[in-house]
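If you want the building blocks of each chain, they are given just below.
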Amino acid sequence: MQTVHTVAELRTALTTARNAGKSVGLVPTMGFLHEGHASLIAQAVADNDVVVVSVFVNPTQFGPNEDLASYPRDPERDTELCRRLGADLVFMPAPAEMYRDPKAFVDIAGLSDGLCGRSRPTHFRGVCTVVTKLFQLAQPTRAYFGEKDAQQLAIIRKLVADLFIPVEIVGCPIVREADGLAKSSRNSYLNPAERNAAPVLSHALRAAREILRPGLATSVVRENIAAVLAAEPLARTDYIEIVQADTLEPLERCEGKMLVAIAVYIGTTRLIDNFTAEVSR
């Protein structure tokens, strides 16, 4: 396995594979890799001849009061995990390598307005920009993203479709701890009491899934989720949303392919979780 740090090195490393007609899988990450990331890498290794994992804490997707400086980093452990999983190339650029006097950015309308975009208004502009850069550099056959970041996944699918980027987007299932908490690099911020409280997100979603039925008012589902979250003193709700899974348009009734998504602060740590469901009469 090779680790590279510059755009030129990445392009050179992939030239032979491309010239040989080999398929390339790309797994974009911000590092501090966990079992969720490992599932993406493993799927990419199974699907492709060559696998590239990018490890880059992207500054443009953090707001001014967010955790860019404190975001967890462990490049040595990340590299070792990639090696063990069978990745061929790890791309670890510095911010100055990815943003050289930047003037061009990529944005998306509509899909980024609600859910996480409401409280993080510049976040998805940063995501779209860095993902487009990675697609341009790696020119992958397939790219892998976790379904935990459901809004991000929907946005990237739309980005690729609208800009005619020739890459297949592969969504991979949420990986959870034994108690239901979705794997996240930010889980490392939780103190013991907060960690014990954090599974309330998955408990609330499980309770919501159990009451879904065609035609049920989504307000009832939101109230059900809110009641479970309210019973946990350390939980503070950012949002509870029920939307159409592909367009992210709000739904008044349970119907079709739905995304039920929540963002909750446990202490000062903001966590997200979701599930999708097909509700038909």
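Definitions and limits used
- Residues numbered from 1 in each chain as written.
- Predicted model: local features only at pLDDT ≥ 70, side-chain atom pairs only at ≥ 80, totals over all residues.
- Heavy atoms only, no water.
- Core = buried A, V, L, I, M, F, W, Y, C linked by side-chain atoms within 4.5 Å.
- Buried < 20%, exposed > 50% of the residue type's maximum accessible area, 1.4 Å probe, protein only.
- Helix = DSSP H or I, 4+ residues; strand = E, 2+ residues; numbered from the N terminus.
- 1 Å grid on protein atoms, 1.4 Å probe; cavity = no way out; pocket = protein on both sides within 12 Å on 5 of 7 lines; lining within 4 Å.
- Points joined across faces, edges and corners; volume = space filled by probe spheres on them.
- Nonpolar A, V, L, I, M, F, W, Y, C, P; charged D, E, K, R; others polar.
- Pairing = 2+ DSSP bridges.
- Axes fitted to C-alpha atoms, helices over the stretch in contact; angles between N-to-C directions.
- Salt bridge = Lys/Arg side-chain N within 4 Å of Asp/Glu carboxyl O.
- Contact = heavy atoms within 4.5 Å.

K.L.:
A description of the nonpolar core should follow, citing residues and the corresponding values.
P.N.:
Ranked by size, the top nonpolar core spans 48 residues in total, and within it Phe135 and Ile169 carry the most contacts. With nine residues, helix 6 (residues 123–138) is the largest single contributor of residues to this core. Listed in part, the 28 residues of the second largest apolar core include Leu216, Cys254, Val260 and Ala277.

K.L.:
Mind laying out empty space enclosed by the protein, listing which residues take part and the relevant values?
P.N.:
This model, assessed by the stated rule, comprises one cavity of 30 Å³ or more. Per-element tally for the lining of the largest cavity: the top contributor is strand 9 (residues 269–279), with three residues. For the lining of the largest cavity, a count of residues per class yields five nonpolar, two polar and one charged.

K.L.:
Mind laying out the layout of surface pockets, listing which residues take part and the relevant values?
P.N.:
The space that makes up the second largest pocket amounts to roughly 460 Å³. In terms of lining, the second largest pocket is formed by 21 residues, of which the most central are Glu147, Leu259, Asn274, Phe275 and Thr276. Counting only elements with at least two residues in the lining of the second largest pocket, the list comes to helix 7 (150–162), helix 9 (200–211), strand 8 (256–266) and strand 9. Per-class residue counts for the lining of the second largest pocket are nine nonpolar, four polar and eight charged.

K.L.:
Please give an account of the sheet that holds strand 9 that cites residues and values.
P.N.:
Taking strand neighbours across the sheet as the criterion, the three strands line up as 7-8-9 in an open arrangement whose pairing is antiparallel. Every other strand in the sheet has two partners, leaving strand 7 (235–244) and strand 9 as the edge strands with one partner each. Each neighbouring strand pair of the sheet contributes to a mean axis angle of 15 degrees, computed without reference to strand direction. Sheet topology places strand 8 next to strand 9; eleven bridges connect them, and they run antiparallel. Residue pairing in the sheet places Leu259 in a bridge with Thr276 of strand 9.

K.L.:
For the pattern of salt bridges, give the residues involved together with the corresponding values.
P.N.:
One pass over the structure, following the stated rule, counts 16 salt bridges. Here the residues in one salt-bridge network are Glu35, Glu177 and Lys183, joined through shared partners.

K.L.:
Describe the side chain of Gln152, naming the residues involved and giving the relevant values.
P.N.:
The residue Gln152 is located in helix 7 in this model. Look at Gln152 and you get buried, because its relative accessible area is 17%. Those residues in contact with Gln152 that lie beyond four places of it in its chain are Phe124, Val127 and Phe145.

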